[in-house]
Amino acid sequence: LVVNAQSNYPQDYFGSPLEVPLILAGNFGELRSNHFHSGLDIKTQQREGLRVIAPADGFVSRIKVAHFGYGKALYITHPNGYTTVYGHLQSFSPEIEAYVKKQQYEQESYEVEVFPTANMLPVTKGSLIAYSGNSGGSGGPHLHFEIRDKEERPMNPMLFGIDIKDTTKPVVSGIYAIPLDENATVNKTSSKQKLRLIPLKSGDYNAESIEAFGNIGFGIETTDRQDLAANANGVYNIQTFLNGNQNFEVDFSVFSFDESACLNQFIDYEHYVTKRQRIQKLFKKNNPLSILKPTLNDGVISVKDSISSIYKIRVSDFKNNETFVSV
C-alpha cells in the first residue's frame, strides 16, 4: 500500500477558493491535448458570477487579461512561498477591477499583463478577489484553480488538503502489450496487442495470458471518477510489478510546464491520432518526464524462453481507491 506523502505540504493553510461544494470537471495531471492539466477545474453550478475568495493571505502578484488561454486570470503570492492561480474569471473584485481598467486605459489595450508590487493589492483569507466565469479558452463556466511552488511548478492542490469526495475506484478500459524492438513478439506478432480484460467481482481485472519474447512494454487506458460528478478524470498514481517487484511508477503530484512537450511521448501518439484514445505507456524509453519515477529497467520487461511471469498494474486515485490488473 502506498500512502500519499502529504506531510510535506501545509494541510490547513489553503481554504477553498469557492463557497460551493467542490465538484471537479477536470483534475490535476489529467491528459489533455498536448499538455498535462495543471490545476483543478471546479464546477460552478453551470453558471457564472460565483464569488471567488482568497484561500489564504497574500497579495495579487500578476493579472493577465487575454482573449484565449485562461482569459481573465489572477495570481496571488502567499507568505509561505506558494502562488495560487485563478483562470477563466468573469471579472475581478471592485478594487482589482479598477486597477485593471486603469492599466487597460493606459496601455490602450484590452489584453494586458501586469505585475503589481506586494503592497498594491493585498488580500486576506476569505476576502472576495473575483467572480467565476467562462473567459478565454473555456468550454463552459468553471474555475481553473492552481497551486504553484517557488519554481512556478504546478502541484496537485489535493496535496494541500483541498478535499474532493471520492470513494470510487479507477476504471481500466484497455490494456496493451507492446513489442519494443524488432526481435520482440507478443502472441507471435511484432505489433501492439490489445488484451481482453476479464472483470472480477472485486472491481479488479485479469487480462488474458500472453505469450511473449524479447523486450516488451505495457500500456493502459484508465480514468477515475469522483463521487459527485459523472465525468471521467485522470488518475493519481500508476505502479507496475513484475513477479512482485515494482518496475515502474507514474505519479501525478507535481510537474513543470516545460515538460508538457513530453506528453505525446508518454502516450501512444500514433494510436491517439487515429483512434482518439490515450494509451499511457508503462515504460520510459528516453522520456525525461519527472512524473515517471526511476524503477527497475524503466518498466521494460525482458522475456526469456519458457519462463512464466505475472505482471500487475495498480491504478489509484488521490483517496487511495485502487484497481489492480493482473497479466
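Caption draft 1: Region of the structure containing unusual backbone geometry. A positive phi angle, close to 50°, is found at glutamate 108, a residue other than glycine. Note on placement: glutamate 108 falls in the loop between α1 (94-107) and β9 (112-114). With phi around 55°, aspartate 298 is a residue other than glycine that occupies positive phi space. Summarising the element assignment, aspartate 298 is placed in the loop between β23 (292-293) and β24 (301-303). Judged by its relative accessible area of 32%, aspartate 298 is partly exposed.

Caption draft 2: Layout of the nonpolar core. Counting 81 residues, the largest nonpolar core has Ile63, Leu74, Ile129 and Phe266 as its most contacted members. Per element, the largest residue contribution to this core is four residues, and it comes from strand β19 (residues 212-223). The contacts of phenylalanine 266, once residues within four sequence positions are left out, are Leu31, Phe36, Val250, Phe252, Ile279, Gln280, Lys281, Asn287, Leu289 and Leu292. Of all hydrophobic cores here, the second largest spans six residues; its members include Tyr176, Ile178, Ile279 and Val300.

Caption draft 3: Looking closely at the pairing of strand β4 (residues 40-43). Pairing of strand β1 (residues 24-26) with β4, which is carried by two bridges, proceeds in the antiparallel orientation. Bridge pairing in β4 places leucine 24 opposite isoleucine 42. Looking at chain direction, β4 and strand β12 (residues 142-148) are connected through four bridges and run antiparallel. Across the sheet, the residue bridging to leucine 40 is phenylalanine 145, located in β12.

Caption draft 4: Fine view of the environment of asparagine 237. Assignment of secondary structure puts asparagine 237 in strand β20 (residues 237-242). Owing to a relative accessible area of 3%, asparagine 237 belongs among the buried residues under this scheme. For the pair asparagine 237 and serine 38, spaced 199 residues apart in sequence, the C-alpha separation works out to 16 Å. A distance of 3.2 Å separates a polar atom in the side chain of asparagine 237 from a polar atom in the side chain of aspartate 251.

What counts, and at which threshold
- Residue positions within a chain follow its written sequence, with the count starting from 1.
- Only residues with pLDDT of 70 or above have their local features reported here, since the model is predicted, and side-chain atom pairs are shown and tallied only from 80 upward, although totals for entire chains, interfaces and linings are computed over all residues.
- The side-chain quantities take in all heavy atoms of the structure and omit both hydrogens and water.
- Only DSSP runs of H or I covering at least 4 residues are called helices, and only runs of E covering at least 2 are called strands; the numbering of each starts at the N terminus.
- Per-residue accessibility, obtained with a 1.4 Å probe over protein chains only, is compared with the maximum for each type, and a residue is labelled buried under 20%, exposed over 50%, and partly exposed between these values.
- For the purposes of this section, nonpolar cores are sets of buried Ala, Val, Leu, Ile, Met, Phe, Trp, Tyr and Cys residues that join through side-chain atoms within 4.5 Å.
- Contact criterion: two residues are considered in contact whenever any of their non-hydrogen atoms come within 4.5 Å of each other.
- Any two strands with at least two DSSP-identified bridges between them are counted as paired.
- In the analysis that follows, any N or O atom pair within 3.5 Å is treated as a polar contact, provided that within protein one partner can donate a hydrogen and the other can accept it, and provided that, for residues neighboring in sequence, both atoms belong to side chains.

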